[in-house]
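Each chain, letter by letter, is given below.
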Amino acid sequence: MSGSANRLQLLSVMSFFINTLKNILHTMLQLLWFGKKTITNSLNIYIKTSGGNTLSVDLDPSWDIKNVKEIVAPKLGLEPEEVKIIFAGKELGDSITIAECDLGEQSILHAVKIKTKTKLPDISTDTIDEIEEQNTRPLCGTLNDAMFSSEDSTRNSSTTSGSDLDVSGNSNLRVHFFVFCPTCKTLKSGKIRVRCNFCNSGAFTVHSDPQNWHDVLEPKQITGLCENNPELCANILNNREPTFAEFYFKCSEHISLGEKDEAVPLYLIRPNLKDVPCLACADVSDPVFVFPCSEGHVTCLDCFRQYCVTKLTERQFWQHPEYGYTLACPAGCSDSFIKEIHHFRLLTEAQYGQYQRFGTEEFVLRSGGVLCPQPGCGMGILADPECTKITCINGCGYVFCRLCLQGYHIGECQTAEGDININNEGCLYNVDPTRAAEARWDEASKVTIKVLTKPCPKCRTPTERDGGCMHMVCTRAGCQFHWCWVCQTAWTRECMGSHWFG
Amino acid sequence: MQRQRLSRELAKMRNTPPQGICVFPKDDNLSSLEVKIVGPDDTPYKNGVFTLEVLVPERYPFVPPSIKFITKVYHPNIDDNGRICLDLIKMPPAGRWKPTIGVEGLLIAVRMLLETPNPEDPLMADIAEEFKNHKDDYVRKAKMYTEKYAC
């Protein structure tokens, strides 16, 4: 009896202890959880001062710029009213909250001491006042509205303003700029930033918003004021020309690695605000690729990749004198070449590697060079046009004849049948077996190419005829020579009459 | 993905059929289609129903579909094996294919070719010769082929 009573007592004491422990743990957990919450909500931001110092501060996204000034001013030895905060080409107004500015972790704000306005060069004080009053919205917001027609701007502003611009990142947000990020090595959403085109300082305010991509991509379109050292930048330029804004882009999906961490704007990739269907698959997707033709033909990104791969395997990219190895609109519009070839970064690493290789080869051939014919080499060689003996100096070291692309020889080039069985005498002994195996493989592929192909009479690109008539058109984009498979010369009326179909 | 575009095109052709052209998918993944083209009036192909085979490649619409006549046709631009000489059905640089053309556009062009042969770019040199110089013979033979194979 007593034993069971004792046990009951013991149990009640134990449960009391367990309960208190539970409570303590619970409050501790709550405290911890609460502490954690405040940490995830804060944003670590760098503030660059006009003196060149960088401060690291933790900011709450719900704070406004006035709060920021109150934190920063004492560190500069100034009053909050004496400081202005500049970000992405705009002075930020006191009432704007951090969340509205589209700041990423470790973004850089610029704090500048307000100077007496009479000292500012050339620009009258009232214009400055006007600008300061108007341009208190961050640039990322104003550019969006300016870039699209009025019907779209309502959709834009609804996403850029308000609480859904949370730092934690809302995936439903419409992305406005797309970049190729060299760090992430892929297509990412980007953010626009501004600096002085002269001293590269980010403490720069623009006089007007860029209205379109032209204003952003072309240099010297938008004037502004370098707040870093206005006298210096203006004086060195001798007041001959105003200071211009230089726009650049950053990846918004990884923490900034400093000022040099830039990304290439892929400006032909745009949000599909108008729900335009893809010209190839007729699907409406977002974002889309808008070709730079007057019609602005649209494809989805998958079809763009497909288009590139098709053109690449057919070697139908075009060597543009200014832009490089590129493509035009698939609908065949004139004057529609893609200028920013980083758009081809949408391809996989392997495909992009092939793109680069083909591009280089095409460049060498266009420049009057030759490609080393040794299998697995293909080194581009730019040699004297009269020279027929070519040595692959930086590549495999093969010495070959420029005209027939066979091993170098004296006298006339041998005909197709004669020269396959050379080099098989006199060295039956003393041969390294592995080297012999390699050589046979090379010979075998040479034989295959010889049997199945004929060289284009103009550029000597080996060409396979897999059916159809004898009228050949060289598949190399830069050549496109019309030739006859039978005669191996230019295609003529006579070829058409006598042996068009064999 | 590419099949999506094709199924849209086929749906459109079902709802608003182009004149004298019928398309039937031959398999579920739409890689091959059977086409019936009615010979246009005022041509020797009148009253004939011609069967064509359309093979749609994986990379359609960046690569054109291949089209050939299954029914024998007496025509300067169509050979004995049903191959058609038309720049629209070939990839650039040799041809003028564009992803915006589509199967319907191509079939309309083929039917147009029945109406207006192009003897300047012939596939059958002797028929082209006949078309230019002995039109009556050409019309008679083409009619005979149509009656024999396409009716």
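Residues numbered from 1 in each chain as written. Chains lettered and ligands numbered in written order. Predicted model: local features only at pLDDT ≥ 70, side-chain atom pairs only at ≥ 80, totals over all residues. Heavy atoms only, no water.

Per an unreviewed UniProt entry, chain B goes by the name Ubiquitin-conjugating enzyme E2 T and belongs to Aromia moschata. Per UniProt, the comment on chain B under Sequence similarities (unreviewed entry) is "Belongs to the ubiquitin-conjugating enzyme family." (UniProt positions renumbered as here; feature names shortened; annotations may be inferred.)

An unreviewed UniProt entry lists chain A under the name E3 ubiquitin-protein ligase parkin, with Aromia moschata given as the organism. Per its UniProt entry, chain A bears the Sequence similarities (unreviewed entry) comment "Belongs to the RBR family. Parkin subfamily." The record held by UniProt for chain A lists under Pathway (unreviewed entry) the comment "Protein modification; protein ubiquitination."

1. A look at the overall build of chain A
For chain A, the count of helices and strands is eleven helices and 24 strands. Within chain A, buried positions represent 38% of all 502 residues. Contacts spanning at least 24 positions in sequence make up 51% of the contacts within chain A whose residues lie at least 6 apart. In the form shown here, chain A has an accessible surface area of approximately 28200 Å², with 54% of it arising from carbon and sulfur atoms. (Helix = DSSP H or I, 4+ residues; strand = E, 2+ residues; numbered from the N terminus. Buried < 20%, exposed > 50% of the residue type's maximum accessible area, 1.4 Å probe, protein only. Contact = heavy atoms within 4.5 Å. Areas by Shrake-Rupley, 256 points an atom, 1.4 Å probe, with all protein chains shown as cover.)

2. Details of the sheet that holds strand E12 (residues 269-270) of chain A
All names here are of chain A. The three strands lie next to each other as E12-E13-E14, forming an open sheet whose pairing is antiparallel. This sheet does not close on itself; its edge strands, each paired only once, are E12 and strand E14 (298-300). As paired elements, E12 and strand E13 (residues 288-290) share two bridges and run antiparallel to each other. Pairing of Arg270 across the sheet is with Val288, part of E13. Helix H8 (residues 301-313) rests against E12, E13 and E14 of the sheet, and its axis sits at about 95° to E14. (Pairing = 2+ DSSP bridges. Axes fitted to C-alpha atoms, helices over the stretch in contact; angles between N-to-C directions.)

3. A few points about the pattern of salt bridges
Residues and elements named next belong to chain A. Here the structure, examined in full by the defined rule, presents 20 salt bridges over all chains. Two residues, Glu262 and Arg195, come together in a salt bridge whose shortest N-O distance is 2.8 Å. Remark: Arg195 occurs in strand E7 (residues 186-196) and Glu262 occurs in the loop between strand E10 (245-251) and strand E11 (264-265); sequence separation between them is 67 residues. Because the salt bridges share partners, they merge into one network encompassing Arg195, Glu246 and Glu262. (Salt bridge = Lys/Arg side-chain N within 4 Å of Asp/Glu carboxyl O.)

4. Examining the interface of chain A and chain B
Every contact between the two is made by 24 residues of chain A and, on the other side, 22 residues of chain B. Of the roughly 2000 Å² buried between chain A and chain B on both sides combined, carbon and sulfur atoms contribute 63%. There are one salt bridge connecting chain A and chain B. A salt bridge links Arg8(B) to Asp283(A); the nearest nitrogen and oxygen atoms lie 2.6 Å apart. Sort the elements by how many residues they give to the side of chain A that touches chain B and H8(A) lands first, with seven residues. (Buried area = accessible area lost by both parts, 1.4 Å probe.)

5. Side note on the side chain of Asp79(B)
All names here are of chain B. Looking at the secondary structure, you find Asp79 in the loop between strand E4 (66-69) and helix H2 (102-115). When its relative accessible area of 9% is taken as the criterion, Asp79 is described as buried. Not counting residues within four places of it along the chain, the set of residues in contact with Asp79 comprises Leu123 and Met124.

6. Some remarks on the environment of Pro385(A)
Residues and elements named next belong to chain A. Its place among the elements puts Pro385 in the loop between strand E18 (380-381) and strand E19 (389-391). Given the relative accessible area of 62%, Pro385 is considered exposed. Residues Pro385 and Gly369 lie 16 residues apart in sequence; the distance between their C-alpha atoms is 8.2 Å.

7. Points about the nonpolar core
In this structure, Phe247(A), Phe289(A), Phe291(A), Phe304(A), Phe317(A), Ile338(A) and Phe344(A) are the most contacted members of the largest nonpolar core, which totals 50 residues. Contributions of two or more residues to this core are made by strand E6 (177-181), E7, strand E8 (204-206), helix H6 (213-217), E10, H8 and helix H9 (349-366) of chain A. (Core = buried A, V, L, I, M, F, W, Y, C linked by side-chain atoms within 4.5 Å.)

8. Thoughts on the packing of aromatic side chains
All told, the structure shown has 25 aromatic pairs over all chains when counted by the stated rule. Residues Tyr307(A) and Phe62(B) carry aromatic rings whose centres are separated by 5.1 Å and whose planes lie at 35° to one another, so their mutual orientation is tilted. With Tyr307(A) in helix H8 and Phe62(B) in the loop between strand E3 (49-55) and E4, this residue pair bridges two chains. For Phe62(B), a relative accessible area of 5% translates into the label buried. Members of the aromatic cluster, each reached through a chain of ring pairs, are Phe289(A), Phe291(A), Phe304(A), Tyr307(A), Phe317(A), Tyr325(A), Phe344(A), Tyr352(A), Tyr355(A) and Phe62(B). Its end group placed over the ring of Phe358(A), Arg315(A) keeps NZ or CZ at 3.9 Å from the ring centre. Sitting over the ring of Trp318(A), Arg366(A) keeps its end group 5.3 Å from the ring centre. (Phe/Tyr/Trp six-rings, centres within 6.5 Å; stacked < 30°, edge-to-face > 60°. Lys NZ or Arg CZ within 6 Å of the ring centre and 35° of its normal.)

9. Focus on the environment of Leu273(A)
Inspection of the secondary structure puts Leu273(A) in the loop between E12 and E13. For the pair Leu273(A) and Asp286(A), spaced 13 residues apart in the sequence, the C-alpha separation amounts to 8.2 Å.

10. Some thoughts on the UniProt feature "active site" (unreviewed entry) in chain B
Residues and elements named next belong to chain B. UniProt tags Cys85 as "active site" (unreviewed entry). Considering the arrangement of structural elements, one finds Cys85 in the loop between E4 and H2. Judged by its relative accessible area of 15%, Cys85 is buried. Among residues more than four places away in sequence, those in contact with Cys85 are Asn77, Leu113, Asp121 and Leu123.

11. Some details on H8(A)
Residue and element names in this part refer to chain A. If you check H8, its first and last C-alpha atoms are 18 Å apart, about what 13 residues at 1.5 Å a residue would give, namely 18 Å. Along H8, ten of the 13 residues are buried, which leaves the element largely enclosed by surrounding structure. Looking only at H8, the buried set comprises Leu301, Cys303, Phe304, Gln306, Tyr307, Cys308, Val309, Thr310, Lys311 and Leu312. Where H8 terminates, the next one or two residues include Arg315, which has phi positive at roughly 55°. (Expected span 1.5 Å × (residues − 1).)

12. Focus on a negative patch on the surface
A surface patch of like charges, here negative, comprises Glu70(A), Glu79(A), Glu81(A) and Glu82(A). With respect to the element layout, Glu82(A) can be found in the loop between helix H2 (65-76) and strand E3 (83-87). (Patch = residues over 30% accessible without salt bridge, like charges linked within 9 Å, V, L, I, M, F, W, Y side chains within 5 Å. Lys, Arg positive; Asp, Glu negative; His and termini not counted. Charge placed at Lys NZ, Arg CZ, Asp CG, Glu CD.)

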